[in-house]
Amino acid sequence: MSGLLIEGLTVSYGRRRIVEGLDLPPLMPGEITVLAGPNAAGKSTLLKGIAGLLPTRGRVMFGDRDLAALSAGDRARTLGFMPQTLPSGAALSVLESVIAARSASGEGAGADRAAMAVLERLGIGPLALDPLDRLSGGQRQMVGLAQALVRDPALLLLDEPTSALDMARQVRLLTEVRRVAAEGRVVLAVLHDLALAAQWADRIAVLHKGRLHSFGTPAEVVTPAMLAEVYGVEARVERCSRGRLMVLIDGETV
Ligand SMILES: Nc1ncnc2c1ncn2[C@@H]1O[C@H](COP(=O)(O)OP(=O)(O)OP(=O)(O)O)[C@@H](O)[C@H]1O
């Protein structure tokens, strides 16, 4: 098995368990899995647990390796984590911040070339020398993806990567994520927009109150019943002429 396997995973803040006893079907290389669910469902907590940023119980296997047992350097080489908000970069420029992200894995050689290449690929090469703290929200988000991609990780964890992006940049970012997945990486990305998720995801996992509510293809998962149970909305799910799923919200359920 070369994918990501999560079994009986519990992730806590102190004594407060947020994700409890979570089992997921294997997430396979080449596929994008979207993690969806309402606010406070535990999506970011789950990603942080997988990334080794919070204490966990249970098993998180990537191929034959236990992610929790990896050294910090091995973990940095294996996975790229894009947090919901880019941590403050103090006085760093965009390029320096991406070089620093690359160096976290101990791969110093060629870091500047690799960093510049990823910025160009994401269309943000012209921002390379700009200070991080003067970027717009959307620009910061693109830099966050660059930092996650620059180490060329086999596992990519993205927390709401498109939330600050305009429509064109959403497409640009997701096209890049699709390309990266197609090269044989495992991608797990939190998205709130279920229409966008339905368009880009191979599978959707819906988290509800820290537990898995449903998992499957977009057509299997995005249903009026799920939307009512998980989000408390009355909604229709329809297909446009090109076959894409659309979610039409009629109102809140009582
Ligand atoms: N540092 C923290 N300490 C204690 N509890 C926290 C901490 N961060 C988050 N939580 C709690 O964990 C729960 C899940 O939060 P989490 O951020 O994982 O949700 P989410 O599904 O990512 O939500 P959203 O869609 O709003 O980003 C919430 O009840 C939140 O209050």
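Criteria and cut-off values
- Residues numbered from 1 in each chain as written.
- Predicted model: local features only at pLDDT ≥ 70, side-chain atom pairs only at ≥ 80, totals over all residues.
- Heavy atoms only, no water.
- UniProt positions renumbered as here; feature names shortened; annotations may be inferred.
- Domains from an automatic or database assignment.
- Contact = heavy atoms within 4.5 Å.
- Buried area = accessible area lost by both parts, 1.4 Å probe.
- Salt bridge = Lys/Arg side-chain N within 4 Å of Asp/Glu carboxyl O.
- Polar contact = N/O pair within 3.5 Å; in protein donor to acceptor, adjacent residues only side chain to side chain.
- Helix = DSSP H or I, 4+ residues; strand = E, 2+ residues; numbered from the N terminus.
- Nonpolar A, V, L, I, M, F, W, Y, C, P; charged D, E, K, R; others polar.
- Buried < 20%, exposed > 50% of the residue type's maximum accessible area, 1.4 Å probe, protein only.

- Under an unreviewed UniProt entry, the name given to the chain is Iron ABC transporter, and the source organism is Paracoccus salipaludis.
- Quoted verbatim from the Subcellular location (unreviewed entry) heading of the UniProt record, the comment on the chain is "Cell membrane".

## Some thoughts on the domain arrangement of the chain
- Per the domain assignment, the segments of the chain are domain 1 (4-217) and domain 2 (223-254).
- One C-alpha centre belongs to domain 1, the other to domain 2; they are set 27 Å apart.
- Contacts between the two partners involve 11 residues from domain 1 and, on the opposite side, eight residues from domain 2.
- Contact with domain 2 buries area across many residues of domain 1, yet Leu194, Gln199 and His213 alone supply 46% of it, more than any other trio.
- Here domain 1 and domain 2 share zero salt bridges between them.
- Joining domain 1 to domain 2, the criterion identifies two residue pairs in polar contact (both at pLDDT 80 or more).
- Looking at the side of domain 1 that touches domain 2, the elements that each hand over two or more residues are α7 (194-200), β9 (203-208) and β10 (211-216).
- By residue number, the principal contributor to the side of domain 1 that touches domain 2 is α7, which donates four residues.
- A breakdown of the residues in the side of domain 1 that touches domain 2 according to their chemical character gives six nonpolar, five polar and no charged.

## Some details on the pattern of salt bridges
- Evaluated as defined, the whole model comprises 14 salt bridges.
- For glutamate 7, the salt bridge identified is with arginine 59, shortest N-O distance 3.1 Å. Taken together, the residues span a long stretch of sequence, with glutamate 7 in strand β1 (residues 4-13) and arginine 59 in strand β4 (residues 56-62) at a distance of 52 residues.
- Accessibility expressed as a relative area gives 34% for glutamate 7, which makes it partly exposed.

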